[in-house]
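The residues making up each chain are set out below.
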Amino acid sequence: ERSLGAILDLPVGPLTQNERDILLSIERIMQQEVVGQDRAIHAIGIALRRMRAALVDTTRPLASFLFLGPSGVGKTETAKTLAKVYFGSYDALLRFDMSEFADGEGLARLIGSETSPSQLEDRLTGHPRGLILLDEFEKSHPDVQELFLQILDEGQMTTYQGLTLRFRQHIIIATSNAGSQLIASTRDKRAESPTLDSDIIAHIIRTHALAPELIGRFGDVILFDSLNQQEEITIAHQLIAALGQKIRERGFVLKVADDVPGTIVEQFHNSQFGARPIRHAIEHLLEDIIATHIIRGDVKPGDTININRNDLPRSTRA
């Protein structure tokens, strides 16, 4: 049997001072990036400290989480932020869209076949540590789910070509929308009664949204709350700040009036899709205004591009 042990199976080893500092302050750091999910982030911090300090089972992945909650509330953003904080870079995140592995050939694409290489081997090579994100896990084929359940149990898998891939230095996160309506409708109640989390997970199992053996293999199940409009306004400010940074790299200065984020959220708020419509609106509305100014020659490098509420399309500010 061939092995990538030297590359993909580094020993967990003792805590470094840097890792200790990260674990002790991970909630505070992540809450600067992720809006409206303080309870979820706190649960992640507790789980990581517990698993890392106790070295519960070094044959398994470093940690594993199942993120449950509505679309657009920050599950993927939390995974990206965790990759950056814990492993030092967004590049440490390896994302798999599990809907791409829904058919009978999904397993062969992951582990390889006579005619094609293993996508897992290809993605993991050069990433001895990192975070593996399995988006919309429930959409994958049962054989694919069984493969990852084996990885969660044994911390390793073997490709079609006989190469052993190990995951002891990886955090594995699967996301799912299962139970999202119940999670969204009980946000305030769960804040007062944490035992409701277990009731929701039991409901998900009873309704066959996710199999109990699947849920049980993950180290922790984390529930993500729906977002209120004030939290979406905060996210809109963050997105606009990121857009401003991109514009600065082009040589311009972006100045957006204080009432623009609230106006966009008021128009595009959709409890079913969380912050996604807000992100889409900022990318399309504001970037179109900026692009029009630049193409018309209204501004030159060094100038300030001002965007006010009246610059938005009339339907947005009506």
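*Asks:* Honestly, the overall build of the protein chain in this entry has me stumped. Any pointers?
*Replies:* Regarding its fold elements, the protein chain presents 15 helices and 10 strands. Relative to its length of 318 residues, the protein chain is compact, with a C-alpha radius of gyration of 22 Å against a globular reference of 20 Å. Counting only C-alpha atoms and orienting by the principal axes, one finds that the protein chain spans roughly 65 × 45 × 45 Å. Classification of the 318 residues of the protein chain by burial places 46% in the buried group. In the protein chain, the share of contacts with a sequence separation of at least 24, taken over all contacts with a separation of at least 6, comes to 76%. Just so you have it, the protein chain exposes about 15,700 Å², and 49% of that area is on carbon and sulfur atoms. Charge centroids of the protein chain, computed over 34 positive and 43 negative side chains, lie 4 Å from each other.

*Asks:* Would you mind showing me how to read the pattern of salt bridges here?
*Replies:* Two side chains that carry opposite charge are able to pair once their charged atoms sit near each other. Overall, the coordinates contain 14 salt bridges when judged by the stated rule. One salt bridge in this structure joins Glu 77 and Lys 80, with 3.8 Å as the shortest N-O distance. You can see Glu 77 and its partner Lys 80 sitting in helix H4 (residues 75–87), 3 residues apart, about one turn around the helix. Overall, the relative accessible area of 24% leaves Glu 77 in the partly exposed class. Note on Lys 80: relative accessible area 33%, which makes it partly exposed. Of the charged contacts in the structure, one is a salt bridge between Asp 298 and Arg 296, with a shortest N-O distance of 2.7 Å. Owing to a relative accessible area of 40%, Asp 298 belongs among the partly exposed residues under this scheme. The exposure class assigned to Arg 296 is exposed, which follows from its relative accessible area of 56%. Sharing partners across several salt bridges, the network here consists of Arg 39, Arg 190, Asp 197 and Asp 225.

*Asks:* Would you explain unusual backbone geometry in this entry?
*Replies:* Most of the time, phi is negative for any residue but glycine, and the peptide bond is trans. One non-glycine residue, Glu 136, adopts positive backbone phi at about 55 degrees. Of note, Glu 136 is situated in the loop between strand E4 (130–135) and helix H7 (142–154).

*Asks:* Please explain the sheet that holds strand E7 (residues 170–176) as it appears in this structure.
*Replies:* Working definition: the strands of a sheet are paired by backbone hydrogen bonds and lie parallel or antiparallel to each other. Spatially, 5 strands are ordered E3-E4-E7-E2-E8 in an open sheet, and the strand pairing comes out parallel. The sheet is open, and its two borders are formed by strand E3 (93–97) and strand E8 (220–223), each paired with just one other strand. For this sheet, the mean inter-axis angle between neighbouring strands, taken without regard to orientation, is 20 degrees. Across 5 bridges, the pairing between E4 and E7 is parallel. Looking across to E7, one finds that Ile 132 is bridged to Ile 172. In the packing of H4 onto the sheet, contacts are made with strand E2 (63–68), E3, E4 and E7, and the angle to E4 comes to roughly 170 degrees.

What counts and what doesn't
Residues numbered from 1 in each chain as written. Predicted model: local features only at pLDDT ≥ 70, side-chain atom pairs only at ≥ 80, totals over all residues. Heavy atoms only, no water. Helix = DSSP H or I, 4+ residues; strand = E, 2+ residues; numbered from the N terminus. Rg over C-alpha atoms; globule rule 2.2 N^0.38 Å. Buried < 20%, exposed > 50% of the residue type's maximum accessible area, 1.4 Å probe, protein only. Contact = heavy atoms within 4.5 Å. Areas by Shrake-Rupley, 256 points an atom, 1.4 Å probe, with all protein chains shown as cover. Lys, Arg positive; Asp, Glu negative; His and termini not counted. Charge placed at Lys NZ, Arg CZ, Asp CG, Glu CD. Salt bridge = Lys/Arg side-chain N within 4 Å of Asp/Glu carboxyl O. Pairing = 2+ DSSP bridges. Axes fitted to C-alpha atoms, helices over the stretch in contact; angles between N-to-C directions.

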